[in-house]
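Coordinate inspection notes
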Amino acid sequence: MNLEAGEVFTSLSSASVWQHLPAALGCLTSIILFLFGGIVVARSQTVSIPTNVAPRWFPLKDMLKKWAETPVEAITQKAESGDLTAQHYLGYCYAEGFRFPQNSTLGIRWYQRAGNSGYLPSFNNLGFLYEQGKGVPQDFSRALQYYRLAADSGFPKAYARIGILYRDGLGSQKNPEEAAKWFQLAADKGDSFGQFNLGLLYEEKGDLPRALRLLRKAAEQGQTEAMVRMYFFLWQGKGMPLDHAEAMRWLTQAANDGNAYAQCLLGYHYKYPEWEGSGPNRHLPRSDLPEAVRWFRLS
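Residues numbered from 1 in each chain as written. Predicted model: local features only at pLDDT ≥ 70, side-chain atom pairs only at ≥ 80, totals over all residues. Heavy atoms only, no water.

This next bit is on the overall build of the protein. Each helix and strand in the protein was counted, giving 15 helices and 0 strands. A burial count over the protein gives 38% of its 299 residues as buried. When the accessible area of the protein is evaluated, it comes to approximately 17000 Å², of which 55% is carbon and sulfur surface. (Helix = DSSP H or I, 4+ residues; strand = E, 2+ residues; numbered from the N terminus. Buried < 20%, exposed > 50% of the residue type's maximum accessible area, 1.4 Å probe, protein only. Areas by Shrake-Rupley, 256 points an atom, 1.4 Å probe, with all protein chains shown as cover.)

Attention now goes to the pattern of salt bridges. Tallying each qualifying case throughout the model produces 11 salt bridges. A salt bridge links R113 to E80, with the shortest nitrogen-to-oxygen separation between them at 3.2 Å. Taken together, the residues R113 in helix α5 (residues 104–116) and E80 in helix α3 (residues 72–80) connect sequence positions 33 residues apart. Overall, R113 belongs to the partly exposed group, its relative accessible area being 33%. With a shortest N-O distance of 2.9 Å, K238 and E203 are connected by a salt bridge. Here K238, found in the loop between α12 (224–236) and α13 (244–256), pairs with E203, found in helix α10 (residues 192–204); they are 35 residues apart in sequence, far enough to count as distant. What makes K238 partly exposed here is its relative accessible area of 28%. Take E203: its relative accessible area is 14%, and that puts it in the buried class. Taken together, the salt bridges that share partners define one network made up of E203, R229 and K238. (Salt bridge = Lys/Arg side-chain N within 4 Å of Asp/Glu carboxyl O.)

What follows is about the packing of helix α9 (residues 176–188) against α10. Axis separation between α9 and α10 bottoms out at 8 Å; the angle between their running directions is 135°. Relative to α10, the element α9 is oriented oblique. Pair α9 / α10 crosses with left-handed handedness. Between α9 and α10, the contacting residues are A180, F183, Q184, A186 and A187 on the first element and G194, Q195, N197, L198, L201 and Y202 on the second. The residue makeup of the contact of α9 with α10, split by class, is 7 nonpolar, 4 polar and no charged. (Axes fitted to C-alpha atoms, helices over the stretch in contact; angles between N-to-C directions. Parallel < 35°, antiparallel > 145°, perpendicular 65-115°, else oblique. Left-handed = near helix turned anticlockwise from the far one by under 90°. Contact = heavy atoms within 4.5 Å. Nonpolar A, V, L, I, M, F, W, Y, C, P; charged D, E, K, R; others polar.)

Let's shift gears to helix α11 (residues 208–220). Its 13 residues place the ends of α11 18 Å apart at the C-alpha level, agreeing with the 18 Å of an ideal helix rising 1.5 Å per residue. Every buried residue of α11 is listed here: L208, A211, L212, L214, L215, A218 and A219. Here the buried face of α11 lies against α9, α10, α12 and α13. Capping the start of α11 is the job of one residue whose side-chain oxygen sits 3.3 Å from the backbone nitrogen of R210: D207. Following α11 by one or two positions, G222 adopts a phi angle in the positive range, close to 100°. (Expected span 1.5 Å × (residues − 1). Polar contact = N/O pair within 3.5 Å; in protein donor to acceptor, adjacent residues only side chain to side chain.)

Encoded structure:
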């Protein structure tokens, strides 16, 4: 039978108090040590380790899908009871004005709550809000603070965002070497945004083979900006054999995945066919003005 701490003594009869007192005191002592120990451990850590987070962080599209059919009242109840993915989702909804009117204060509050419990994407998103000045005053120092909170605990996307701040001199002087270091850390962890930006740095330095390897890795992971760069490399035959058909494949995929620049370029190709060929290298797409208009509108 499991007893609450307060029930230990009341469950004993007066006739057997002395017989059971040592065991009861031992039980009570164990409970006190357990509770006290938990307090000490909790206070010794700045960020607690969550127990309800999957081994991998939810990508945004998966997070949105996870909660799409759940009523907001139920999501809020989950969040209040400690579900970190629900807290992060509410932070996103309020910060972006998705399913709720935009409310940066509530967005930050939910992100902060999830981040403090160890859900690192929330700290990364807080950094992005301050970097972009979205619903809050733009503050690169605060952005860097939140990115570092996520990066110090091993969140690769935060490495790449720190690299952007150093690359562009946001909140500090431009430092390409420091930017490259952070991009490399992200790329080494398989982060496609880090791979893409490190690839751009190698492209600027003229190291096309290394740039292409990184850009292809990023593109194969779904990084649409990297797909567009692959299009240009292949279309122009830059550092690789010219291949218009493969170039158009990457451009079309980027457009279908929502990249606005790719959609505009694809519309241009539908309006102004630039090359013709035969077999697998036949121009794709053919001239199609209604399709061009559709892509221009999407972009």
